[in-house]
Structures are given as structure tokens and as C-alpha cells.
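# Commentary on secondary and tertiary structure
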Amino acid sequence: NVPKQPPKIIRLDESVVNRIAAGEVIQRPVSAVKELVENSLDAGSTSINVVVKDGGLKLIQVSDNGHGIRYEDLPILCERHTTSKLSTFEDLQTIKSMGFRGEALASMTYVGHVTVTTITEGQLHGYRVSYRDGAMENGPVACAAVKGTQIMIENLFYNMTARRKTLQNSNDDYSKIVDLISRFSIHHVKVSFSCRKHGSNRPDVHTVGTSSKLDAIRSVYGVSVSHDLMEVAASDDNPSRSVFKMEGLISNANYVAKKTIMVLFVNDRLVECTALKRAIEVVYAATLPKASKPFIYMSIVLPQQHVDVNIHPTKREVSLLNQESLIDIIQSEVESKLRSSNTTRTFQTQI
Ligand code: ADP
Ligand code: MG
């Protein structure tokens, strides 16, 4: 009777490790689009165009007019942990770019086929390179190119059967991508965005850059939404409570909707903050007679060292220093705005 041995521990193959990690960074097609658009914004682009086929599973293509990528950087572009944005851990405290870990492009090459076309200022032609599993596969070959970079991901999750199956059965990935581009476009109003399905010449989001936030909301979310918005602002400069500035546009008492739309940017990063969203929903529910959910666009700016950007693999949730007091201040500002809009409304209907 041989004593039962515990299972043997082995070292996972590098390719397995990389694919698992990549599946966490790129959870769905929309996560890939977010990473690509953030790279385009980091590259100083003023025009970003997205094309999607099959909800992103067949093709995601993001083209920008940013600074491009140097020829000599192309060999390591899609290796894990290669970045032009960070060099020491301390840099994380002051980082302004949205990317910093050099993981997005690499991840895409482990779960899809990536082709990059790029040209830098002053060059006569660009280069095209394709990547697989972190390494160059074909190229760089010289090719015609206009200003900037185009990144194409084909056959996303081709090597992750279960992921591909679940995504194939859900057809809301394209609308998630449209929603994402809509959100970016109302904050980055100087950048013109478009998003369309492959083969269609009518974009589902299209903004032209230059307009105000309200104009952007009007063109993306519609006239009726933009009609019923009011400006809010709040700030605090007491370091023992919180230090921040908030500006935004929120729906007034006339606005009616079944679902909350909250578009939140913290230090220009598109993020989610469930606690803040709840706090604002509570105010709307308590103040308005009709059970309408709000539309909220908010931009919060706080000292870099008060935001920890590194808590989530997709960088979606951020944690803020003194979050509770910040939420309290914003909540009471929203409440007073909403109360006054509510009385105005009653007053107007009485006349
Ligand atoms: P990160 O954004 O964290 O640095 P990525 O894997 O997303 O990592 O990108 C790696 C590097 O590739 C970036 O640091 C940047 O130098 C370059 N890069 C990626 N996309 C673009 C783009 N659209 N335009 C210019 N450079 C880009
Ligand atoms: Mg990036």
C-alpha cells in the first residue's frame, strides 16, 4: 500500500502563462478597443477611427493620426512589459498617460492576430508588421501610410475556445464598443471620433472635434438629453478631507430615463466608481417625484498621488484618497442643483 503522493508542482510553460494573463487584460472585444483608443490618445491623436467586424471577434481596427512608432522600436513593440510611458515604479505616482504597463499590445498578440501600420513625422513611407505571441511575425515591410498608426486585431480569442463561444452567443459587443467610443468622445471634445461596422459607410458614432461638451453630448446622446442638462461643479482644497475639482453636466428634473448613464473621468481616465454612482442615484430618487434615472457626465481632477491607478488589471476601477468625503461633497452639490431645478419646473408649470 503506497502512501498517496501529493500532486506534483510543475512550472507552467511561458506561453500558457502569457495567454492566461492576456485573457485577464483583454476580457472582451471592448477591452481591446479601450486599450487601443487609449494608446491613440496617449499618442496625441486628434482623430481616432474604429472599425469593427462581428462584434470585434473577426476584426477590430483603430486608426489614429498620432505621433506614430519609431522603426527601431517595432521589434519589441508587442513584447510584454515594453512601454515608452514608464521607467521607474515611482513614475506611477505622476503618470499622465493612460497606459503604463506595456501589457495591452502584448496581450492582444497572445489572443489574436495583430498587424501594425505606422509612420512617424517626416518619413516618406510607413512600415507594416504583424505579431504573434509577443514577437514579430512578418515585417517590418515598407508601405504607404498617412500620419499616425493603425492597429488591426483579427480573430480575437481564436485560441480560447470557451471565451469565443460565449462571446459569439452574445450580440451586444458591438453596442458596448459604440457606448465606449461615445463616452470617450464627450470628454475628449477636441478629438474627432468615429465608430462603424466593417462594410458600412454610416458610422454609429461620429464627432467632429472642436465643439463644447454639451455639443458633443447633443451629437452623441441626442438633442433631448442635451436639452435637459445642467452644469455642476464642486471642489475641495482641504488636505485633511479631500482635494479635488469636479465639473460636469447632469440631467434636470424634466429628464426621464429608465437606466442611469454615468460617464466618469478621473484625471482624464475613463473609470467606474460604483460608490459615487449610487450616491448620486440616491439623490435623484429622493428628490424627484417621478422615478427617473439620471444622465451624468462628470470629470474629477485630483492630485496624481491621490489616485491609485494600479488596482485592477483592466484599470477600470480606481481607488481615490478620501473617497467618502469627496462623494459627500459631490452628492450635496448635485442635490442642491437638482432641488432648484425641481422648483423651477413646478414654478414653470404653474404659470
Ligand atoms: P502602454 O500603453 O502601457 O505603454 P501598450 O502595450 O498599450 O503599453 O503599448 C506599448 C507601446 O507602444 C506604448 O508605450 C507606445 O509607445 C506604443 N504605442 C502603442 N499604440 C500606439 C499608437 N497608437 N501610437 C503611437 N504609439 C503607440
Ligand atoms: Mg496602452
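Residues numbered from 1 in each chain as written. Chains lettered and ligands numbered in written order. Predicted model: local features only at pLDDT ≥ 70, side-chain atom pairs only at ≥ 80, totals over all residues.

### Notes on the overall build of the protein
From N to C terminus, the protein includes nine helices and 15 strands. Here the C-alpha radius of gyration of the protein, 23 Å, is about what a compact globule of 351 residues would show, namely 20 Å. Across its three principal axes, the protein shows a C-alpha extent of roughly 75 × 70 × 45 Å. Of all 351 residues assigned to the protein, the portion counted as buried reaches 36%. Sequence-distant contacts in the protein: of pairs separated by 6 or more residues, those separated by 24 or more amount to 63%. (Helix = DSSP H or I, 4+ residues; strand = E, 2+ residues; numbered from the N terminus. Rg over C-alpha atoms; globule rule 2.2 N^0.38 Å. Buried ≥ 20, exposed ≤ 12 C-beta atoms within 10 Å, placed from the backbone. Contact = placed C-beta atoms within 7 Å.)

### A short note on the sheet that holds strand 6 (residues 148-154)
Taking strand neighbours across the sheet as the criterion, the eight strands line up as 5-4-3-6-2-1-7-8 in an open arrangement whose pairing is mixed. Here the strands that pair on one side only, and so sit at the sheet edges, are strand 5 (135-143) and strand 8 (205-206). Packing of helix 5 (residues 173-187) onto the sheet brings it into contact with strand 1 (47-53), strand 7 (192-197) and strand 8, and relative to strand 7 it is tilted by some 170°. (Pairing = 2+ DSSP bridges. Axes fitted to C-alpha atoms, helices over the stretch in contact; angles between N-to-C directions.)

### Remarks on the packing of helix 5 against helix 6 (residues 213-221)
Packing of helix 5 against helix 6 leaves a shortest axis separation of 8 Å and a crossing angle of 155°. Classified by the angle between their axes, helix 5 and helix 6 sit roughly antiparallel to one another. Relative to helix 6, the crossing made by helix 5 is right-handed. Contact with helix 5, carried on its side by Ser182, Ser185 and Ile186, involves Lys213, Ala216, Ile217 and Val220 of helix 6 and no other residues of that element. Each residue belonging to the contact of helix 5 with helix 6 can be placed in one class, and the counts come to four nonpolar, two polar and one charged. (Parallel < 35°, antiparallel > 145°, perpendicular 65-115°, else oblique. Left-handed = near helix turned anticlockwise from the far one by under 90°. Nonpolar A, V, L, I, M, F, W, Y, C, P; charged D, E, K, R; others polar.)

### What about the sheet that holds strand 11 (residues 261-266)?
Reading across from one edge, 9-10-13-11-12 is the order of the five strands in this open sheet, with mixed pairing throughout. At either margin of the open sheet sits one strand with a lone partner, and together these are strand 9 (229-238) and strand 12 (269-271). With strand direction ignored, the average angle separating the axes of adjacent strands in the sheet is 20°. Most of the contacts of helix 5 go to strand 11, to which it runs at about 55°, and overall it touches strand 11, strand 12 and strand 13 (295-301).

### Considering helix 8 (residues 274-287)
The end-to-end C-alpha distance of helix 8 is 20 Å, a good match for the 20 Å that 14 residues give at a rise of 1.5 Å each. Those residues of helix 8 not exposed but buried are Leu276, Ile280, Val283 and Tyr284. Around the axis of helix 8, the buried residues are gathered within 95° of arc, so they sit on the same side. Relative to its buried face, helix 8 has exposed residues pointing more than 90 degrees away, namely Thr274, Arg278, Ala285 and Ala286. (Expected span 1.5 Å × (residues − 1). Arc of directions from axis to C-beta.)

### A word on the site of ligand 1
Taken together, 22 residues form the shell around ligand 1, and within it Asn39, Ala43, Thr83, Ser84 and Gly99 come nearest. Those elements that place two or more of their residues in the shell around ligand 1 are helix 2 (29-42) and helix 3 (104-111). Residue classes in the shell around ligand 1 are distributed as seven nonpolar, ten polar and five charged. (Near = placed C-beta within 6 Å.)

### As for the environment of Ala279
For Ala279, the location among the structural elements is in helix 8. Taking the number of C-beta atoms within 10 Å as the measure of exposure, Ala279 has 18 and is therefore partly exposed. Sequence-wise, Ala279 and Arg11 are 268 residues apart; in three dimensions their C-alpha atoms are separated by 46 Å. In contact with Ala279, not counting residues within four places along its chain, are Ile327 and Gln331.

### Some words on the environment of Arg164
Tracing the sequence through the fold places Arg164 in helix 4 (residues 161-169). As a C-alpha pair, Arg164 and Ile181 span 17 residues in sequence and 23 Å in three-dimensional space. Excluding anything up to four places from it in sequence, Arg164 contacts Leu57 and Phe157.

### A few points about the pairing of strand 9
Looking at chain direction, strand 9 and strand 10 (residues 242-251) are connected through ten bridges and run antiparallel. Along strand 10, the bridge assignment pairs Asn238 with Ser242. In textbook terms, the turn of a hairpin is the stretch between consecutive antiparallel strands, and for strand 9 and strand 10 this stretch comprises three residues.

### Brief notes about the packing of helix 2 against helix 5
At a closest axis distance of 9 Å, the pairing of helix 2 and helix 5 adopts a crossing angle of 25°. The angle between helix 2 and helix 5 falls in the class roughly parallel. As helix 2 runs across helix 5, the sense of the crossing is right-handed. Within the contact between the two elements, helix 2 uses Pro29, Val30, Val33, Lys34 and Val37 and helix 5 uses Asp173, Lys176, Ile177, Leu180 and Phe184. Among the residues making up the contact of helix 2 with helix 5, the classes are represented as seven nonpolar, no polar and three charged.

### Focus: the confidence of the model for the protein
For the protein, the average pLDDT comes to 89, and 95% of its residues sit at 70 or higher. Both scores are available for the predicted complex, with the pTM at 0.90 and the ipTM at 0.98. (pLDDT = per-residue confidence, 0-100.)

### As for unusual backbone geometry
For the peptide bond that leads from Gly139 to Pro140, omega is 0°, which places it in the cis range. Along the chain, Pro140 falls in strand 5. Here the phi dihedral of Asp133 falls at roughly 45°; this positive angle occurs in a residue that is not glycine. Position of Asp133 relative to the elements: it lies in the loop between strand 4 (126-132) and strand 5. Phi at Asp268 is positive, roughly 70°, even though this residue is not glycine. Structurally, Asp268 is set in the loop between strand 11 and strand 12.

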